[in-house]
Amino acid sequence: MHINSKATDIHADSERIYHLISDCQGLKQFLPEQIQDWEAGENYCQFNVAGIATLKMEITERVAFSKVSYLISNDKQIPIHCLFTIETKGMTSDLNLAIDAEVPLFLQAMLKNPLQKFADVIVDKLKQNVEL
């Protein structure tokens, strides 16, 4: 299943956005409010989403100022890949979060909306933080 965050134009340079999305320890401020039991290191963060799952996000690739890729492992054994991409457009940057989850067909209808909301919340909170 593939999810793309809504299109987000941020009034900031790609370097600033890149540093925020590649900082696992500071990533919590951009995640949904239901996060519990937060733990983070340099290249990973681990947390519970209340009533849903325990997740561990690990950075698998960084391309300075343009891309950060995460592998999300979870207690449901559903592999999830998240890819943040940043494209500079003059004085602004386009930020996109793509989520690919290997969800069984029978679960896709149930998980599509929560994953879409997860992606949109993250990019909205990043935008709000950067444009302060």
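The structure under discussion appears in the preceding block.
Reading guide: rules and limits
Residues numbered from 1 in each chain as written. Predicted model: local features only at pLDDT ≥ 70, side-chain atom pairs only at ≥ 80, totals over all residues. Heavy atoms only, no water. Phe/Tyr/Trp six-rings, centres within 6.5 Å; stacked < 30°, edge-to-face > 60°. Buried < 20%, exposed > 50% of the residue type's maximum accessible area, 1.4 Å probe, protein only. Helix = DSSP H or I, 4+ residues; strand = E, 2+ residues; numbered from the N terminus. Lys NZ or Arg CZ within 6 Å of the ring centre and 35° of its normal. Core = buried A, V, L, I, M, F, W, Y, C linked by side-chain atoms within 4.5 Å. Contact = heavy atoms within 4.5 Å. Disulfide = S-S within 2.5 Å. Salt bridge = Lys/Arg side-chain N within 4 Å of Asp/Glu carboxyl O.

**Some details on the packing of aromatic side chains**
In step 1: Under the definition given, this model contains three aromatic pairs.
In step 2: Ring plane angle 20° and centroid distance 5.6 Å describe the contact between W38 and F47, whose orientation is recorded as stacked.
In step 3: We classify F47 as buried; its relative accessible area is 1%.
In step 4: Here the aromatic rings of Y70 and F84 are separated by 6.1 Å at their centres, their planes lie at 75°, and the arrangement is edge-to-face. Of this pair, Y70 sits in strand β6 (residues 67-74) while F84 sits in strand β7 (residues 80-89), and the two are 14 residues apart along the sequence. We note that Y70, like F84, is buried.
In step 5: For the cation-ring pair, K56 lies above Y44, with the distance from its terminal atom to the ring centre recorded as 5.0 Å.

**A short note on the nonpolar core**
The tendency in soluble globular proteins is for nonpolar side chains to be buried as a group.
In step 1: Counting 41 residues, the largest nonpolar core has Y70 and I99 as the members making the most contacts within it.
In step 2: Residue assignment for this core shows that the elements contributing at least two residues are α1 (14-21), β4 (44-49), β5 (53-63), β6, β7, β8 (92-101) and α2 (105-130).
In step 3: With eight residues, the top contributor of residues to this core is α2.
In step 4: Not counting residues up to four positions away in its chain, the partners in contact with Y70 are I21, S22, C24, L27, M57, E58, I59, T60, I80, H81, C82 and F84.

**Some thoughts on the state of the cysteines**
A covalent bond between the sulfur atoms of two cysteines is what we call a disulfide.
In step 1: Counting across every chain of the model gives zero disulfides.
In step 2: Free of any disulfide, C45 has its nearest cysteine sulfur in C24, 5.2 Å distant.
In step 3: Free cysteine: C82, not disulfide-bonded; nearest cysteine sulfur from C45 at 9.9 Å.
In step 4: The buried category is assigned to C82, whose relative accessible area is 2%.

**Quick notes on the pattern of salt bridges**
Pairs can form between side chains of opposite charge once their charged atoms are near each other.
In step 1: Per the stated rule, a full pass over the model turns up five salt bridges.
In step 2: For D124, the salt bridge identified is with K6, shortest N-O distance 2.9 Å. Placement of the pair is D124 in helix α2 and K6 in the loop between β1 (2-4) and β2 (8-10), with a sequence separation of 118 residues.
In step 3: In this structure D124 comes out as partly exposed when scored by relative accessible area, which is 27%.
In step 4: K6 sits in the partly exposed class, given a relative accessible area of 38%.
In step 5: Here E61 makes a salt bridge to K67, at a shortest N to O gap of 3.4 Å.

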